Amino acid sequence: MSSNRRKKHRIKKVNSINDCYELYNGVKIPCEGFGTYLIDDEDDAIRAVHTAIRMGYRHIDTASYYQNEESIGHAVNSCGVPREQLFVTGKVWNSDRGYDQTLAAFDKSLKKLGLDYMDLYLIHWPANPKQYREDWITINQKTWKALEKLYSDGLVRAIGVSNFTPKYMEVLMETAKMRPMVDQIEYHPGLMRDETITFCAEQDILIEAWSPLGRGAMLKNETLAKIAKKYHITVAQLCLRWELQKGILPLPKSVKDYRIRENADIFHFDITPEDMQAIDSIERVPAKHNPDTVIF
Ligand SMILES: NC(=O)c1ccc[n+]([C@@H]2O[C@H](COP(=O)([O-])OP(=O)(O)OC[C@H]3O[C@@H](n4cnc5c(N)ncnc54)[C@H](OP(=O)(O)O)[C@@H]3O)[C@@H](O)[C@H]2O)c1
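Conventions adopted
- Residues numbered from 1 in each chain as written.
- Predicted model: local features only at pLDDT ≥ 70, side-chain atom pairs only at ≥ 80, totals over all residues.
- Heavy atoms only, no water.
- Salt bridge = Lys/Arg side-chain N within 4 Å of Asp/Glu carboxyl O.
- Helix = DSSP H or I, 4+ residues; strand = E, 2+ residues; numbered from the N terminus.
- Buried < 20%, exposed > 50% of the residue type's maximum accessible area, 1.4 Å probe, protein only.
- Pairing = 2+ DSSP bridges.
- Contact = heavy atoms within 4.5 Å.
- Axes fitted to C-alpha atoms, helices over the stretch in contact; angles between N-to-C directions.
- Near = heavy atom within 4 Å.
- Polar contact = N/O pair within 3.5 Å; in protein donor to acceptor, adjacent residues only side chain to side chain.
- Areas by Shrake-Rupley, 256 points an atom, 1.4 Å probe, with all protein chains shown as cover.
- Nonpolar A, V, L, I, M, F, W, Y, C, P; charged D, E, K, R; others polar.

K.L.:
I tried to follow the pattern of salt bridges on my own but got confused; where do I start?
P.N.:
If charged atoms from side chains of opposite charge come close, those side chains can pair. All told, the structure shown has 13 salt bridges when counted by the stated rule. Of the charged contacts, one joins Lys13 and Asp270 as a salt bridge, the two residues approaching to 3.5 Å between their closest N and O atoms. Of this pair, Lys13 sits in the segment before β1 (20–22) while Asp270 sits in the loop between α10 (257–264) and α11 (273–280), placing them 257 residues apart in sequence. Under the relative-accessibility criterion, Asp270 is labelled partly exposed at 41%. When the shortest N-O distance is used, the salt bridge between Asp270 and Arg241 registers 2.9 Å. A residue pair is termed long-range when its members are at least 10 positions apart, and Asp270 in the loop between α10 and α11 and Arg241 in helix α9 (residues 235–245) qualify at 29 residues. Linked by salt bridges that have partners in common, Lys13, Arg241 and Asp270 make up one network.

Listed below in structure tokens is the structure:
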């Protein structure tokens, strides 16, 4: 793998939804994204993305698995904001792993989106030894090679992984020309992936948080509710701000206008170091899936 110089100063304090983190290849990525999983109704998806863009989001996260690429692409293409001001992420699903299959899947997704390029393309889940025995390594390496090809062909501005722990990233890097620029993982108060966070910080890989609200489950936590009350904010806003203050990029999803707005309104307060610590310390909750044991 080429030795890109590790820079550790790319995570700055963000003050607005238009502020960006900078990936190690210099690409700027808006610091909060709009999640679109489980918005499969066409009208809902178009309306939600239009609402999000109207409220300032410039970063949309989708995947072929979500079966909403046509609607998301339609919304992006009809929202009135120039394409180059928007950041669109896609993901290659598990059934499309491998070099040729990944290239074909990307092509299909790009056509469904109605776009000329994606800003970021991710491997959705690593192939694991439980499901693929000794083949898991080559499957992941070949899939990654396809992402590098898309990057060198200029069809994507950045490439990365999702749900990869250090074990999976290390084997990719054995044959990779470049390391991932992003790792998108399940992350929220009560679920802090310390090993992955440390590895990614060392490698200057940006962490994106999926289920940044614990898919709604963290919103009833009493400690979080008590802290949020002090700042006159909601627990959802507290979770998202806590992630931003850690240099992590949250991807909240909602189909409700007032929540889409609420989730974007997280730049007018700072959580104190003491409260950050208190949030870090809340009771741990289990992850939805373990990359080592999933068989989908
Ligand atoms: N890479 C991966 O493997 C992976 C896996 C899962 C998700 N993701 C990405 O990450 C995004 C976010 O994750 P997620 O959708 O699982 O969970 P999430 O954003 O943590 O939570 C979404 C849930 O919380 C509710 N909600 C949103 N804002 C709220 C607020 N302010 N107050 C109260 N409830 C609120 C939503 O309901 P309403 O819609 O009814 O408001 C929805 O039920 C996804 O949409 C997807 O883009 C990636």
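K.L.:
Teacher, can you tell me more about the sheet that holds strand β8 (residues 182–186) here?
P.N.:
Sheets are built from strands that pair by backbone hydrogen bonding, the pairs being arranged parallel or antiparallel. The strand order across the open sheet formed by eight strands is β3-β4-β5-β6-β7-β8-β9-β10, and the pairing between neighbours is parallel. Looking at which strands have only one partner, the edges of the open sheet turn out to be β3 (34–35) and β10 (249–250). For strand β4 (residues 59–61) and strand β5 (residues 87–92), the ladder comprises three bridges, and the chain directions are parallel. In the sheet register, Ile60 faces β5, and the bridge partner there is Val88. On top of the sheet, helix α3 (residues 99–113) reaches β5, β6 (118–123) and β7 (156–162); it is set at about 140° to β6, its chief contact.

K.L.:
Could you clarify how one ought to interpret the site of the ligand in this entry?
P.N.:
The local shell around the ligand holds 29 residues, among which Asp61, Ser211, Arg215, Ser254 and Lys256 are the closest. With respect to the ligand, the side chain of Gln184 contributes an N or O atom lying 2.9 Å from a nitrogen atom. Between an oxygen atom of the ligand and a side-chain N or O atom of Ser254, the distance comes to 2.5 Å. Across the complex, the protein chains shield 90% of the 910 Å² of accessible surface that the ligand would expose by itself. Sorting elements by how many residues they give to the shell around the ligand places α10 first, with three residues. When its residues are assigned to classes, the shell around the ligand shows eleven nonpolar, eleven polar and seven charged.

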